[in-house]
Amino acid sequence: MKDKSLKTQHFKTLSAYFDYIQLPRPEHPMLIVMFATGDGFLPCPTESSPPITNDCYSISLKKIVKGNLNYGRTKYDFTNGALIFMAPRQVLQWDSSVVFEQKGFSINFHENFIKGTELAHQIKKYGFFSYYVNEALHLSPKEERLIESIVENIEIEYQNNQDEFSKDIIISQLSTLLKYANRFYERQFLNRKELSNSLLEQFSQQLE
């Protein structure tokens, strides 16, 4: 049960956030791409955390064994093959019951990484980053392979020596990944009733 008296801690940089979750600092100040294939690690090794926020976007494919992760004011529904999206300044909290299977990937990038690009405008239109979507995207094996192939391309560019083309190529791949994710979300919720009158959704739209 969450302690409402806990003050939310905010991290302005990727490095500060990764220091907090006890992972090695990213080589790039605004971007990190990580894969784990069974003997590696994914965020977060920190056993538990009070409410935190940061200025970064996160896209992760995580295999969840058990436990609860709170995103906003709701428990995030995530099971095996779950693609999870998190946006800047949205509250994240987890407890010691959360257990991750060590397989999947995680992309974290600061909002300034895409500042001034078309993706900066596009990304705000994707509802799966919002609080009121509290269910992860459950991928089929075929969809999972497709998403992983895009992330592998991003990782290749991330690991290469950076040049004047690197950022544009990575942002293009991120845009492609999000477009596929949007298609898969539409498939997932095609036959589900949309909670269009959600008070929280209306409040979020007013803030926008």
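Residues numbered from 1 in each chain as written. Predicted model: local features only at pLDDT ≥ 70, side-chain atom pairs only at ≥ 80, totals over all residues. Heavy atoms only, no water.

Draft legend 1. The arrangement of the nonpolar core in detail. With 50 residues, the main nonpolar core has Phe85, Ile107, Phe109, Phe129 and Leu178 as its most contacted residues. Dropping the residues within four chain positions of it, Leu178 is found in contact with Ile59, Phe85, Leu119, Ile123, Tyr126, Phe128 and Phe129. (Core = buried A, V, L, I, M, F, W, Y, C linked by side-chain atoms within 4.5 Å. Buried < 20%, exposed > 50% of the residue type's maximum accessible area, 1.4 Å probe, protein only. Contact = heavy atoms within 4.5 Å.)

Draft legend 2. Region of interest: the packing of aromatic side chains. By the definition in use, this model includes 13 aromatic pairs. Here the aromatic rings of Phe35 and Phe105 are separated by 5.9 Å at their centres, their planes lie at 55 degrees, and the arrangement is tilted. One end of the pair, Phe35, is in strand β2 (residues 31–37); the other, Phe105, is in strand β9 (residues 99–110), with 70 residues separating them in the sequence. With a centroid separation of 6.2 Å and an interplanar angle of 45 degrees, the aromatic rings of Phe85 and Tyr185 are classed as tilted. Taken together, the residues Phe85 in strand β7 (residues 82–86) and Tyr185 in helix α4 (residues 166–188) connect sequence positions 100 residues apart. There is no split in this pair, since Phe85 and Tyr185 are both buried. Chaining the aromatic ring pairs together yields one cluster made of Tyr57, Phe85, Phe109, Tyr126, Phe128, Phe129 and Tyr185. (Phe/Tyr/Trp six-rings, centres within 6.5 Å; stacked < 30°, edge-to-face > 60°. Helix = DSSP H or I, 4+ residues; strand = E, 2+ residues; numbered from the N terminus.)

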